[in-house]
Amino acid sequence: MKVLKFGGTSVGSAERIRHVAGLIGGSEPKVVVLSAMSGTTDTLVEFAGCLYRNRRQEASDIIRNLEVNYYMVVTELFRTDDYIFRGKEFIRTICTYLRSFVNKDFYPLQEKAVVAQGEIISTTLMNYYLEECGVPNTLLSALEYMRIDKDGEPDYFYIRQNITRELSRPEVRQLVITQGFICRNAYGEIDNLRRGGSDYSAALVGAAVEAEEIQIWTDIDGFHNNDPRVVEGTRAIRRLSFEEAAELAYFGAKILHPSSVQPAARANIPVRLKNTLNPGDEGTLITAASPAGNVKAVAAKSGITAIKIKSTNMLLAYGFLRKVFEVFEAWKTPIDMITTSEVAVSLTIDNTARLEQILRNLAQYGIVEVDRDMAIICIVGDCSAGKTGLGARVMDALAEVPLRMISYGGSEHNISVLVKEGDKKKAMVDLSRKLLNE
Ligand code: ADP
Ligand code: ASP
Ligand code: MG
């Protein structure tokens, strides 16, 4: 069985939905995971924002526009009056449900139910469209099997047990359509896998059903060697290892949700990134091993805060680092990058929700300095210890960019540097020009 995930742009219009329907035909068993049509989740988040701020009229207007837009999609998508009617009735029901929040108090729990509607709409429209075309398929609600635990982590056992049971029902067809992004939490409430989480859904489904391949279909021909939104002239990479892909996704390559590689790697299932608009292209294949080589790609993550702790009683005496790390553990804040000297340690975080408490706790161990608005640039490829010259080439490419931190040797496939947000673009462009394209 294969698992195929189509992102928001891939199902972003009636024409695109029809195109995807053409790609998922055939007799092989498949689970197709869909995102919401592009823009819908943003709109639903905006709607929720209005409700939190008590802007009820604005909230109503948002839903009216959403409804009108979806009526247009329905009219364009279906050929028969019967399906146009069914499609419109379905949209009406969802929009009536959304409107029911407008005159009530609004809580985060309800926001989760609101933002889930995008995927519920896209999958239902696909299910109706395939039916109208006479293609047998089953719409399987992700709320029946996808679940996170109390820590927000996937409940692997529950997911496997429930999806296996659902897929083995005799009435289930070879082609199964299901929602990405949405799930239930440990209390059975509607929740989600965070923005961009449909990739993660597909990987979790793939691992649970032991798929032969997980395909992530998007609007670009695979994993590029730098961020195409920032740098011109980037090109697709044909092969990556799980570790390299995870590193790039975590450090900002938007093409993959940061957590999505892990379930595939754990189950050793190949992940293929494909372009919906160019299905013949081989895309990028991500597997356990990938060909060695030089530097493969660069990614960047913004919104980073650097914290430096200078030990007051000098020297990184044993126990000092443990005490520092314990502060971050106590406030459940992951550290991304770390560099040390004899008298100080610098580290970075991207979640600043508990920054104040962290700084207060750290102050007992030394002098603390904070640099906000930084970016991590992550250089991924073969950085094994035996290699000579790589550090020099990276530093040479970045000769004109002030570097706040450098991290080399943490793994065999990553060099990271920390720069000011304002220098991020130059660093990425210079790395492409002087390192990737040399
Ligand atoms: P989807 O809606 O299909 O999930 P996304 O917008 O989340 O698609 O991801 C695809 C986009 O990721 C591309 O259009 C591209 O702009 C962006 N992107 C960022 N970094 C990379 C990269 N290294 N390789 C390919 N695409 C990237
Ligand atoms: N629709 C969700 C979002 O926009 C999930 C996804 O597209 O992956 O974040
Ligand atoms: Mg995405």
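Our subject is the structure listed above.
Residues numbered from 1 in each chain as written. Chains lettered and ligands numbered in written order. Predicted model: local features only at pLDDT ≥ 70, side-chain atom pairs only at ≥ 80, totals over all residues. Heavy atoms only, no water.

Taken together, S35, A36, T41, E119, F181, R195, G196, G197 and S198 make up the full set of residues near ligand 2. Separating an oxygen atom of ligand 2 from a side-chain N or O atom of R195 is a distance of 2.7 Å. Note that an oxygen atom of ligand 2 is positioned 3.4 Å from one of the backbone N or O atoms of G197. Bound to the protein, ligand 2 loses 85% of the 260 Å² it would expose on its own. Along the lines of polarity and charge, the residues of the shell around ligand 2 split into two nonpolar, five polar and two charged. (Near = heavy atom within 4 Å. Polar contact = N/O pair within 3.5 Å; in protein donor to acceptor, adjacent residues only side chain to side chain. Areas by Shrake-Rupley, 256 points an atom, 1.4 Å probe, with all protein chains shown as cover. Nonpolar A, V, L, I, M, F, W, Y, C, P; charged D, E, K, R; others polar.)

This part covers the site of ligand 1. By nearness alone, 17 residues border ligand 1, and K5, T218, D219, H224 and K254 come closest of all. Between ligand 1 and K5, the relevant distance is 3.1 Å, taken from an oxygen atom to a side-chain nitrogen or oxygen of the residue. For ligand 1, an oxygen atom lies 3.2 Å from a polar atom in the backbone of G8. Here ligand 1 loses 86% of its free accessible area of 570 Å² to cover by the protein chains. Residue classes in the shell around ligand 1 are distributed as five nonpolar, seven polar and five charged.

Pairing within the open sheet is antiparallel, and its six strands lie in the order β12-β13-β11-β14-β16-β15. The open sheet has two free edges, formed respectively by β12 (338-340) and β15 (405-411), since each of these has just one partner strand. Each strand of the sheet is rotated relative to its neighbour by a mean of 30 degrees, with strand direction disregarded. Pairing analysis gives 13 bridges linking strand β11 (residues 295-311) to strand β14 (residues 366-381), with the strands arranged antiparallel. Within β14, the position partnered with A300 by the bridge is I377. (Pairing = 2+ DSSP bridges. Helix = DSSP H or I, 4+ residues; strand = E, 2+ residues; numbered from the N terminus. Axes fitted to C-alpha atoms, helices over the stretch in contact; angles between N-to-C directions.)

A few words now on the nonpolar core. Formed by 104 residues in total, the largest nonpolar core has its most connected members in F6, I24, F47, F78 and M126. Counting residues per element, this core draws most heavily on helix α3 (residues 56-77), at nine residues. Leave out the neighbours within four places in its chain, and F6 touches V11, V20, L23, I24, V32, V33, L34, S35, W217 and T276. The next biggest cluster of nonpolar side chains, apart from the first, holds 21 residues, and it includes V231, A300, L390 and V394. (Core = buried A, V, L, I, M, F, W, Y, C linked by side-chain atoms within 4.5 Å. Buried < 20%, exposed > 50% of the residue type's maximum accessible area, 1.4 Å probe, protein only. Contact = heavy atoms within 4.5 Å.)

Further remarks concern the packing of aromatic side chains. As enumerated under the stated definition, the model contains nine aromatic pairs in all. Ring geometry for Y52 against F106: centres 5.0 Å apart, planes inclined by 70 degrees, an arrangement best described as edge-to-face. You can see Y52 sitting in helix α2 (residues 40-52) and its partner F106 sitting in the loop between α4 (81-99) and α5 (108-115), a full 54 residues away along the chain. Given the relative accessible area of 38%, Y52 is considered partly exposed. (Phe/Tyr/Trp six-rings, centres within 6.5 Å; stacked < 30°, edge-to-face > 60°.)

Right, let's get into the sheet that holds strand β3 (residues 138-140). Taken together, the eight strands give an open sheet; going across it, the order is β3-β4-β2-β1-β7-β9-β10-β8, and neighbouring strands pair in mixed fashion. At either margin of the open sheet sits one strand with a lone partner, and together these are β3 and β8 (239-241). This sheet shows a mean twist of 20 degrees between the axes of neighbouring strands, independent of strand direction. The sheet contact formed by β8 and strand β10 (residues 284-287) spans three bridges and is parallel. Residue R239 lies in a different strand from β10, and its bridge partner there is L285.

What follows covers helix α7 (residues 156-167). For α7, spanning 12 residues, the distance from its first C-alpha to its last is 16 Å, which sits close to the expected 16 Å at 1.5 Å a residue. Within the span of α7, buried status applies to I159, N162, I163, E166 and L167. Relative to the axis of α7, the buried residues are bounded by an arc of 125 degrees and lie together on one face. (Expected span 1.5 Å × (residues − 1). Arc of directions from axis to C-beta.)

As a further point, take unusual backbone geometry. For N54, which is not glycine, the phi torsion reads 65 degrees and is therefore positive. Following the sequence through the fold, N54 ends up in the loop between α2 and α3. With a phi close to 45 degrees, K332 is a non-glycine residue in the positive phi region. If you trace the backbone, K332 turns up in the loop between α11 (320-330) and β12.

Here we take up the side chain of H257. Its place among the elements puts H257 in the loop between α9 (242-250) and α10 (261-267). If near-sequence neighbours (up to four positions away) are discounted, H257 is found in contact with L193, R194, R195, G196, G197, D199, Y200 and A249.

Interhelical geometry of helix α1 (residues 14-23) versus helix α6 (residues 117-132) gives an angle of 65 degrees and a closest axis separation of 10 Å. α6 is crossed by α1, and the crossing has right-handed handedness. Of the residues in α6, those touching α1 at I17, R18, V20 and A21 are M126, Y129 and L130. Broken down by class, the residue content of the contact of α1 with α6 amounts to six nonpolar, no polar and one charged. (Left-handed = near helix turned anticlockwise from the far one by under 90°.)

Among the 17 residues that make up β11, 13 are buried, leaving the element largely enclosed by the rest of the structure. Looking at chain direction, β11 and strand β13 (residues 344-349) are connected through six bridges and run antiparallel. What sits directly across from I309, in β13, is V345.

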